[in-house]
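# Summary of the model geometry
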Amino acid sequence: EFNRWTAARTRAMTDAEQHVPVYNTLEDVYAGALDENTKARYARVARACTDAHGHAPDAFARSPGRVNLIGEHIDYEGYSVLPMAIGLDTIVGIRVNPEHGSIKVSNTNPAYSSKEFGSDPAQDVDTQSLHWTNYVMCGYKGVFDFINENAPGTAPTPVGLEIVVDGTVPTGSGLSSSSALCCAVAVAVMSAFGLNFTKGELADLTCKCERYSGTQSGGMDQAISIMGEVGVAKLVDFNPISTNDVALPEDAAFIIGNCLAVSNKAESAHMRYNLRVVECRLAAIVLGLKLGMSAEQAGALETLKEIETFLGSMSAAKAAAEQHLHEEYYDAREIEQLIGVETFMNVFSSPASALVLAHNEKGYKLLSRALHVFAEAGRVHLFAAACAMKVSPEELGVYMNGSHESCRALYECSCEELDELVDTFRAAGAYGARLTGAGWGGCAVAIVAKDAVLRILETVKQSFYAPRISAGLVSEADMPTTLFATVPSAGAAILKNLSLA
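Residues numbered from 1 in each chain as written. Predicted model: local features only at pLDDT ≥ 70, side-chain atom pairs only at ≥ 80, totals over all residues. Heavy atoms only, no water.

What follows concerns the sheet that holds strand β11 (residues 443-449). Taken in spatial order, the 4 strands line up as β10-β11-β9-β12 in an open sheet, and their pairing is antiparallel. With one partner strand each, in any of the chains shown, β10 (432-436) and β12 (483-486) form the two edges of the open sheet. When the angles between neighbouring strand axes are averaged without regard to direction, this sheet yields 25°. In this sheet, β11 lies alongside strand β9 (residues 252-258) in antiparallel orientation, the contact comprising 7 bridges. Bridge pairing in β11 links Ala252 to Ala449. (Pairing = 2+ DSSP bridges. Helix = DSSP H or I, 4+ residues; strand = E, 2+ residues; numbered from the N terminus. Axes fitted to C-alpha atoms, helices over the stretch in contact; angles between N-to-C directions.)

This is the structure in structure tokens:
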């Protein structure tokens, strides 16, 4: 079984070559998961567009959130990850209006204020504002970036667009609400201009353009939001982006719980997410030099996976990290002495990394970050192989538990609330549980026996959430999107000529 799985991974996959499907009924997108609330959301978007602009949308685009089952903080290091799309999604209604030259953006949720932009795709994203529409502009710019990079001179003339958004992916939850929004907008803009990129092209351009928001995203969130599929998780590879189906155990289910500590990546990126990206790159450069690379070769390194490639195996890369990196924090002066002033300044040359340098006070941990990346990358392939060999779900739980411990102790991206929720899942009978997403708050995911789902949901609700409901941290009405079982769901889609009566 393992050999057949390995051989299958060498065959070319077609997900990235396909195009986003275009449907004219909601049943085509949501299948058995379509409910009255989902129908009402599309009607609400259409009504909001009509109320604000006098016309219904020309089309809708939707893109889902995701839960990463295993493989945390390693996509930006070039390693494979194993997420699945979930039912919570972002819907975008879009209409072309050539009578004005503005991008008018609004949200069906009044808590998210409207904003109007010029239509020039070269405009900067206002990262200082941290406004939710920044992700809308990321998606808009990404479409033009892709055309200008691949077919200069052929981009469509910018025109006025009216965009209305409705989302059910909780913000700051670790379920990738930002990428769901960025991807849905990119798909909507693509459709509005009569373009037809492949899923692989969309996944690549949305990964790049979301970085305009100020976070150095690695590509997992966008890839699964675009290429998710009902019934299977996806093993996502990078450079180039490709996916392989992973059939999950039929006798197991996955439960997601929000620990209620909010972690918005863009707001804290310089202290958390982007800092980890920088630490991993510094680790790669230091290792490259210690392993005999020239200053030029080492300075060009971007990821720790390049160290594995250089040495020929992950075990050799791990051993090199243990030999050449120390456990304590490196301060800026020590790193500068190790890699040279020019390389040091190059690492911190982007606006995102410059903020890391400006705000860093503790220093940089290199060894523990590298050890997490190498170990987590190994767990991803063990998890995928175990699914192919149809082993007991308990073994998958072991990998998930190991992942959480590594995130907690080595990558230091957990928090007290996440640790408590993970422990609560395990005490309730889950085979395993781990944080999912960037961490520092947000959600945990647990693997459980399918026949124990309802019991574990109730136990976790009473143990973890009941005191928080009493304290006003979450309402009973919010529980369906705070604690829920989930199955692999469909990726991005375009919907036209919908009947919403």
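Further remarks concern the pairing of β10. Moving residue by residue along a regular strand, the side chains alternate between the two faces of the sheet. Burial of β10 is extensive: 5 of the 5 residues sit out of reach of the surface. Relative to β11, β10 is paired through 5 bridges, and the arrangement is antiparallel. The partner of Arg434 across the bridge, within β11, is Val445. Joining the antiparallel neighbours β10 and β11 is a turn of 6 residues, in which Gly437 adopts a positive phi near 95°. (Buried < 20%, exposed > 50% of the residue type's maximum accessible area, 1.4 Å probe, protein only.)

One way to put it is that helix α17 (residues 393-409) packs onto helix α18 (residues 416-427) with a least axis distance of 12 Å and a crossing angle of 160°. When the axes of α17 and α18 are compared, the pair comes out roughly antiparallel. In this structure, α17 meets α18 at a crossing whose hand is left-handed. On α18, the residues that touch Asn401, His404 and Arg408 of α17 are Asp419, Val422 and Arg426. Of the residues belonging to the contact of α17 with α18, the class tally is 1 nonpolar, 2 polar and 3 charged. (Parallel < 35°, antiparallel > 145°, perpendicular 65-115°, else oblique. Left-handed = near helix turned anticlockwise from the far one by under 90°. Contact = heavy atoms within 4.5 Å. Nonpolar A, V, L, I, M, F, W, Y, C, P; charged D, E, K, R; others polar.)

Bringing the side chain of Ser179 into the picture now. Of note, Ser179 is situated in helix α5 (residues 177-192). Look at Ser179 and you get buried, because its relative accessible area is 1%. A distance of 3.4 Å separates polar atoms of two side chains, one belonging to Ser179 and the other to Gln222. The contact partners of Ser179, leaving out residues within four places of it in the chain, are Glu210, Asp221 and Gln222. (Polar contact = N/O pair within 3.5 Å; in protein donor to acceptor, adjacent residues only side chain to side chain.)

The next subject is helix α3 (residues 36-53). End to end, α3 covers 26 Å across 18 residues, agreeing with the expected 26 Å (1.5 Å per residue, within 8%). Summarising the contacts, the buried residues of α3 are in contact with α2 (26-30), β2 (59-70), β3 (82-97), β4 (102-107), β6 (160-167) and β13 (493-495). Of the residues trailing α3, Gly54 is marked for its positive phi of about 85°. (Expected span 1.5 Å × (residues − 1).)

Residues Glu250, Asp251, Glu394 and Asp451 make up a contiguous surface patch of negative charge. By the secondary structure assignment, Glu250 is in the loop between β8 (242-246) and β9. Here Glu250 falls in the exposed class, since its relative accessible area comes to 72%. (Patch = residues over 30% accessible without salt bridge, like charges linked within 9 Å, V, L, I, M, F, W, Y side chains within 5 Å. Areas by Shrake-Rupley, 256 points an atom, 1.4 Å probe, with all protein chains shown as cover. Salt bridge = Lys/Arg side-chain N within 4 Å of Asp/Glu carboxyl O. Lys, Arg positive; Asp, Glu negative; His and termini not counted. Charge placed at Lys NZ, Arg CZ, Asp CG, Glu CD.)

Turning to the pattern of salt bridges, a few remarks are in order. The tally for this structure, following the rule as stated, stands at 25 salt bridges. Glu412 serves as the salt-bridge partner of Arg369, at 2.9 Å between the closest nitrogen and oxygen. Taken together, the positions of Arg369 in helix α16 (residues 367-388) and Glu412 in the loop between α17 and α18 put the pair 43 residues apart, joining distant regions of the chain. By relative accessible area, which is 1% here, Arg369 ends up buried.

Atomic detail in the predicted coordinates should be set aside for any region of low pLDDT. Of all residues in the protein, 96% attain a pLDDT of 70 or more, and the chain-wide mean is 93. Note on residues 1-13: pLDDT is under 50 here. Beyond four places in sequence and across chains, it has 18 contacts. (pLDDT = per-residue confidence, 0-100.)

Moving on, we get to the packing of aromatic side chains. Enumeration according to the criterion identifies 10 aromatic pairs in this entry. A centroid spacing of 6.1 Å and a plane angle of 75° characterise the contact between Tyr112 and Trp132, whose relative ring orientation is edge-to-face. With a gap of 20 residues between them, Tyr112 in the loop between β4 and β5 (115-118) and Trp132 in the loop between β5 and α4 (134-150) connect regions that are remote in the sequence. Considering the side-chain rings of Phe464 and Tyr465, the 4.8 Å spacing of their centres and the 75° angle between planes classify their relative orientation as edge-to-face. Taken individually, Phe464 and Tyr465 each receive the classification buried, so the pair is uniform in this respect. Among the aromatic side chains, those forming a connected cluster through ring pairs are Tyr30, Tyr42 and Phe60. (Phe/Tyr/Trp six-rings, centres within 6.5 Å; stacked < 30°, edge-to-face > 60°.)

Attention shifts here to the nonpolar core. By size, the foremost hydrophobic cluster in this structure holds 147 residues, and its most contacted members are Leu69, Leu82, Leu325, Phe383 and Phe425. Ignoring any residue separated from it by four or fewer positions in sequence, one finds Phe383 in contact with Leu69, Ile70, Leu82, Leu248, Leu396, Tyr399 and Met400. In this structure, Leu26, Ala46, Cys49 and Val164 belong to the second largest nonpolar core, which totals 14 residues. (Core = buried A, V, L, I, M, F, W, Y, C linked by side-chain atoms within 4.5 Å.)

This part is about helix α19 (residues 453-470). The end-to-end C-alpha separation of α19 is 24 Å, in line with the 26 Å expected for 18 residues at 1.5 Å each. The largest bend along α19 reaches roughly 45° and is located at Phe464, with the proline Pro467 sitting one to four residues downstream. Where α19 is concerned, the buried positions are Val453, Ile456, Leu457, Val460, Phe464, Tyr465 and Arg468. Buried residues belonging to α19 abut β9, α18, β11 and β12. Of the residues trailing α19, Gly472 is marked for its positive phi of about 80°. (Bend = angle between axes of the 7 residues up to and from the residue.)

Within a sheet, neighbouring strands are paired by backbone hydrogen bonds and run either parallel or antiparallel to one another. What the 7 strands build is an open sheet, ordered β1-β13-β2-β3-β6-β4-β5; its pairing is mixed. Each having just a single partner strand, β1 (22-23) and β5 make up the two edges of the open sheet. Bridge analysis of β2 against β13 gives 3 bridges, and the strand direction is antiparallel. Residue Arg62 lies in a different strand from β13, and its bridge partner there is Ala493. Set on the sheet, α16 makes contact with β2 and β3; between it and β2 the angle comes to about 100°.

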